[in-house]
Amino acid sequence: MEERSISLSALLPVIRDVLAAGGEFSIKPRGKSMLPYLREGRDSVVLSPLTQNPKKGDILLYLRANGAPILHRVVRVERNGTLSMRGDNQYFIERGIRSEQVVAIVKRFSTRGHERHTDSFSSRLYLLRRRMSYPFRYLFFGVLRRVKRLLKGVKTHG
């Protein structure tokens, strides 16, 4: 069976209908923002209806203010009920995501032919390692970005 690539934006009405009927919807995420947890072209995620309030660590499909669908992880639930989101491979936190922007939650995913649950022991261990290493990764990659900028400046001026 041939796989076709359809934009997530184009699929949103179908996804919403399936979820509203109590079903689930499987997609293959695109991009690098959720590396190394989810890899484009290899992994797929199962979107489920959100039946309870999201919590830190959940992976949600939500719509940005410009309407773009995004699959990122909750890094904080704010006191006012909004969410702060970030991709596992990113450092920028997107704040102020409201509940009406959330389309679905990822409860399980497939990687390398194996189905895994996002609340499994290995997934929780991965999340703990990512949380603990974030400050060091942020510092390391920040220094690396600055060095690259300096080297680029030396090449263009030298």
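Check the entry above for the structure.
Right, let's walk through the structure included here.

Definitions and limits used
Residues numbered from 1 in each chain as written. Predicted model: local features only at pLDDT ≥ 70, side-chain atom pairs only at ≥ 80, totals over all residues. Heavy atoms only, no water. Helix = DSSP H or I, 4+ residues; strand = E, 2+ residues; numbered from the N terminus. Buried < 20%, exposed > 50% of the residue type's maximum accessible area, 1.4 Å probe, protein only. Contact = heavy atoms within 4.5 Å. Areas by Shrake-Rupley, 256 points an atom, 1.4 Å probe, with all protein chains shown as cover. Lys, Arg positive; Asp, Glu negative; His and termini not counted. Charge placed at Lys NZ, Arg CZ, Asp CG, Glu CD. Patch = residues over 30% accessible without salt bridge, like charges linked within 9 Å, V, L, I, M, F, W, Y side chains within 5 Å. Salt bridge = Lys/Arg side-chain N within 4 Å of Asp/Glu carboxyl O. Pairing = 2+ DSSP bridges. Core = buried A, V, L, I, M, F, W, Y, C linked by side-chain atoms within 4.5 Å.

1. Brief notes about the overall build of the chain
At step 1: Secondary structure summary: the chain contains 2 helices and 8 strands in total.
At step 2: Reading the chain from its N terminus to its C terminus gives the helix and strand order α-β-β-β-β-β-β-β-β-α.
At step 3: Dimensions of the chain, computed from C-alpha atoms along their principal axes, come out at roughly 60 × 45 × 35 Å.
At step 4: Scored against the burial criterion, the 158 residues of the chain give a buried share of 38%.
At step 5: For the chain, restricting intrachain contacts to residue pairs at least 6 apart in sequence, the fraction spanning at least 24 positions comes to 49%.
At step 6: Carbon and sulfur atoms make up 56% of the accessible area of the chain, which totals about 10600 Å².
At step 7: Side chains of the chain carry 31 positive and 13 negative charges; the gap between the two charge centres is 11 Å.

2. Focus on a nonpolar patch on the surface
At step 1: A cluster of nonpolar side chains, namely F121, L125, L128 and M132, defines an oily patch on the protein surface of about 430 Å² accessible area.
At step 2: Within the secondary structure, L125 is located in helix α2 (residues 121–157).

3. A closer look at the pairing of strand β5 (residues 83–86)
At step 1: Every second residue of β5 is oriented toward a common face, with L83 and M85 on one face and S84 and R86 on the other, all of them buried.
At step 2: Hairpin connection of strand β4 (residues 69–77) to β5: 5 residues between the antiparallel strands, including G81 at a positive phi of 90°.
At step 3: With 2 bridges connecting them, β5 and strand β6 (residues 94–97) associate as antiparallel partners. Looking at β6, one finds that L83 is bridged to I97.

4. Considering the side chain of R73
At step 1: Considering the arrangement of structural elements, one finds R73 in strand β4.
At step 2: A residue is classified by how much of its surface remains accessible, and R73, at 6% relative accessible area, is buried.

5. Overview of the nonpolar core
At step 1: Counting 21 residues, the largest nonpolar core has I15, V45, L47, L61, L71 and V103 as the members making the most contacts within it.
At step 2: Counting residues per element, the ones that place at least two in this core are α1 (8–20), β1 (25–27), β2 (44–48), β3 (59–63) and β7 (102–111).
At step 3: In terms of residue count, α1 provides more of this core than any other element does, 5 residues in total.
At step 4: When residues no more than four places from it in sequence are discounted, the contact partners of V45 are F25, S26, I27, P29, L38, L71, V106, R108 and F109.
At step 5: Membership of the second largest hydrophobic core comes to 9 residues, among which are Y62, I70, L83 and I97.

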